[in-house]
Each structure stands twice: as C-alpha cells, then as structure tokens.
Amino acid sequence: MNEKCSYPCFWEQRESPKKTKEHPDKLELICFDMDGVLIDIGSSWKFVHDYFHCTNNASVNAYLHGEISDEEFIRRDLALWKENGEFTTRETIENLFTSVELMQGAQSLFQFLKKRKIRTAIVSAGIDIVAQKIGTMLDIDTILANGFIVDSKNRLTGEGKLSVRLIQKDQAIYTLSKNKQIPLRNCAAVGNSCFDIPMFEVCGLGIAFNPADDCVKDAADYVIDNKNLENLIPILEKFCL
Ligand SMILES: [Mg+2]
C-alpha cells in the first residue's frame with residue numbers, strides 16, 4: 001500500500017480495517033471531505049501557508065510519525081501565520097477565501113440530496129471558516145472542521161480549535177452516526193486523500209472523488225476520476241429508496 005500513497009508514514013500509524021462492511025439499504029447521511037472535494041483547493045491550510053510563503057513539511061512529518069498531537073500540529077501551523085512578528089487576523093484569513101468557488105457540479109448534487117432528504121455533513125480537517133462558508137452556500141446540515149481561536153480584536157492567539165483529527169476521521173463519523181441515530185451502514189463518505197480512507201472503512205459506502213493516490217481508489221467502493229460532483233448522482237441513486 002505504501003508505494004501507492006503520498007504519505008507512506010500514515011500507514012505506519014494505522015491498524016488494518018476490521019470488518020467486511022454492508023452497503024446501505026437506504027442512504028441517510030453523506031459525509032464530505034472539503035479540500036479537493038467540495039472546493040478545488042487541495043488543502044485550505046496549505047493555501048494560507050502559501051500566502052505567508054511558508055511550509056509545514058516538518059510538522060506534517062512529526063505529526064504523521066506520532067511525535068506530536070493534532071493540537072500541537074495545528075499550533076505549529078498557526079505559528080507560521082505572522083506579519084511583522086505579530087499573529088495575523090481572522091479578517092486576513094477570511095479575505096484569502098473570499099472568492100473560493102464550489103467544485104463543479106456541487107449545486108446539482110446538493111439539490112439531488114435535498115430532494116431525496118439525505119442529510120449532509122462536512123467532515124474536514126481543513127479550516128472551519130471555509131467550511132462554514134461552503135456549508136452556507138450548499139445548505140449543509142452539519143459542519144465539522146478545525147480552526148483557530150482569536151482574541152477580542154479578532155487577532156489569532158496561536159491556539160487552535162480541533163473537531164476532526166486528520167488521521168482519525170472515522171471518529172467523527174462514529175459521533176455523527178450516534179448523534180443522528182443513523183446506522184453506519186446507511187452513511188456514505190466522499191473523499192480524495194488517504195486521510196479519508198478511515199471514513200470509507202466505517203461507512204456503508206466510500207466514494208473516492210478525483211483521488212490523489214491509488215490507495216484511495218483501492219479503499220473506495222466507487223471511484224470518480226474527474227472533478228465533477230454531479231457524477232456522484234448515478235452512484236447514490238442506487239442506494240436511495
Ligand atoms: Mg481532501
């Protein structure tokens with residue numbers, strides 16, 4: 001599996017999947033990764049790092065080797081977002097995403113899901129202010145994403161907000177399934193990277209969308225090898241009553 005993945009050390013952290021899953025008898029909830037799926041930006045965090053002309057390669061490595069926690073990973077990312085030695089503001093980050101566009105076909109897909117009364121969620125380790133914005137645009141029921149804490153002047157404090165652990169997105173699915181009282185088999189997950197594979201494994205249906213690596217294709221029940229979300233509709237129709 002390692003040679004098929006951009007993050008081979010991710011696999012060192014993982015236990016192999018436990019069960020043979022059942023596909024949905026009635027699809028009730030669909031959980032979307034955001035970066036690279038609902039928006040055509042591979043990583044909302046990296047998008048901000050690029051603006052500040054920095055990279056987080058060292059902390060990605062430390063995180064994926066289990067040397068630092070999710071909280072510390074976010075803290076180290078935020079520490080890079082400084083101007084003249086001071087933390088940047090929420091407004092600066094928001095402005096970077098003012099013109100963020102939805103992935104092609106997103107509106108049609110979400111109209112279809114609404115019509116079928118299928119509930120929707122974003123499960124993203126990306127930035128929550130982007131996820132909220134996309135959630136409003138598409139009228140998504142539940143938004144789970146990560147972010148940062150600001151002070152009374154809306155300046156970042158350097159502390160993060162953690163809702164979704166990048167390498168344990170299955171945990172967010174368990175919580176959603178429990179809170180919404182929807183069996184896991186009637187949940188679907190859509191994602192593009194290896195970090196979405198744990199969601200595929202616990203949901204009744206896993207769909208790789210424009211996957212970044214072969215490992216994502218291998219772990220999915222269906223693969224969409226292009227960037228049009230409308231192509232999910234014929235797949236999802238098979239699991240609607
Ligand atoms: Mg992604």
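This one's a predicted model, so the numbers in the text were calculated from it and none came from an experiment.

## A look at the overall build of the protein
Counting secondary structure elements, the protein contains 11 helices and nine strands. Relative to the globule expectation of 18 Å for 241 residues, the C-alpha radius of gyration of the protein, 18 Å, shows essentially globular dimensions. Based on the C-alpha atoms only, the size of the protein along its principal axes is roughly 55 × 40 × 35 Å. Counting over 241 residues, the protein shows a buried share of 39%.

## What about helix H8 (residues 169–179)?
Along H8, the positions that sit buried rather than exposed are Lys169, Asp170, Ala172, Ile173, Leu176 and Ser177. Viewed along the axis of H8, the buried residues span an arc of 155°, placing them on a single side of the element. Exposed residues on H8 whose side chains face more than 90 degrees from its buried face are Lys178 and Asn179. Those residues of H8 that are buried lie in contact with strand E1 (29–32), strand E4 (119–127), strand E5 (142–150), strand E7 (187–191) and helix H9 (197–202). Directly beyond the C-terminal end of H8, a positive phi value near 55° is found at Gln181.

## Observations regarding the environment of Ala188
Note on placement: Ala188 falls in strand E7. Considered as a pair, Ala188 and Phe32 are 156 residues apart in the sequence and their alpha carbons are 8.5 Å apart.

## Topic: the environment of Ser108
Considering the arrangement of structural elements, one finds Ser108 in helix H6 (residues 106–115). The spacing of Ser108 and Leu229 is 121 residues in sequence and 8.1 Å in space, taken between C-alpha atoms.

## Observations concerning the pairing of E5
Moving residue by residue along a regular strand, the side chains alternate between the two faces of the sheet. Pairing analysis gives four bridges linking E4 to E5, with the strands arranged parallel. Within E5, the residue paired with Val123 across the bridge is Leu144. Pairing geometry for E5 and strand E6 (residues 156–161), over three bridges, is antiparallel. Bridge pairing in E6 links Phe148 to Gly160. Linking two consecutive strands that pair antiparallel, namely E5 and E6, is a turn of five residues; a positive phi of about 65° is found at Asn154 within it.

## As for the nonpolar core
In this structure, Cys31, Met34, Ile122, Ile173 and Cys203 are the most contacted members of the largest nonpolar core, which totals 67 residues. If you tally residues by element for this core, the top one is E4, at five residues. Those residues within four positions of Cys203 in sequence are excluded, and the remaining contacts are Cys31, Ile173, Leu184, Cys187, Ala188 and Ala189.

## A closer look at the sheet that holds E5
Read from one edge to the other, the open sheet built from seven strands follows the order E6-E5-E4-E1-E7-E8-E9, with strand pairing classed as mixed. The outermost strands of the open sheet, each flanked by one partner alone, are E6 and strand E9 (222–224). Direction aside, the axes of adjacent strands within the sheet are offset by 20° on average.

## A word on the pairing of E7
Here E7 lies mainly inside the structure; five of its five residues are buried. The alternating pattern of E7 places Cys187, Ala189 and Gly191 on one face and Ala188 and Val190 on the opposite face, and all of these are buried. As paired strands, E1 and E7 are joined by four bridges and run parallel to one another. Bridge pairing links Cys31 to Ala189 in E7.

## Describing unusual backbone geometry
The phi angle at Asn84 is positive, at roughly 50°, despite the residue not being glycine. Its location among the elements puts Asn84 in the loop between strand E2 (82–83) and strand E3 (86–87). The exposed category is assigned to Asn84, around which 5 C-beta atoms lie within 10 Å. Backbone geometry places Asn210, a non-glycine residue, at a positive phi of 45°. Along the polypeptide, Asn210 turns up in the loop between strand E8 (205–209) and helix H10 (214–219).

## Quick word on the environment of Asp25
Here Asp25 is to be found in the loop between helix H1 (8–12) and E1. By the C-beta count within 10 Å, which is 12 here, Asp25 ends up exposed. On a C-alpha basis, the gap between Asp25 and Lys133 in space is 32 Å, while along the polypeptide they are 108 residues apart.

Scoring rules and cut-offs
Residues numbered from 1 in each chain as written. Predicted model: local features only at pLDDT ≥ 70, side-chain atom pairs only at ≥ 80, totals over all residues. Helix = DSSP H or I, 4+ residues; strand = E, 2+ residues; numbered from the N terminus. Rg over C-alpha atoms; globule rule 2.2 N^0.38 Å. Buried ≥ 20, exposed ≤ 12 C-beta atoms within 10 Å, placed from the backbone. Arc of directions from axis to C-beta. Contact = placed C-beta atoms within 7 Å. Pairing = 2+ DSSP bridges. Core = buried A, V, L, I, M, F, W, Y, C linked by C-beta atoms within 7 Å. Axes fitted to C-alpha atoms, helices over the stretch in contact; angles between N-to-C directions.

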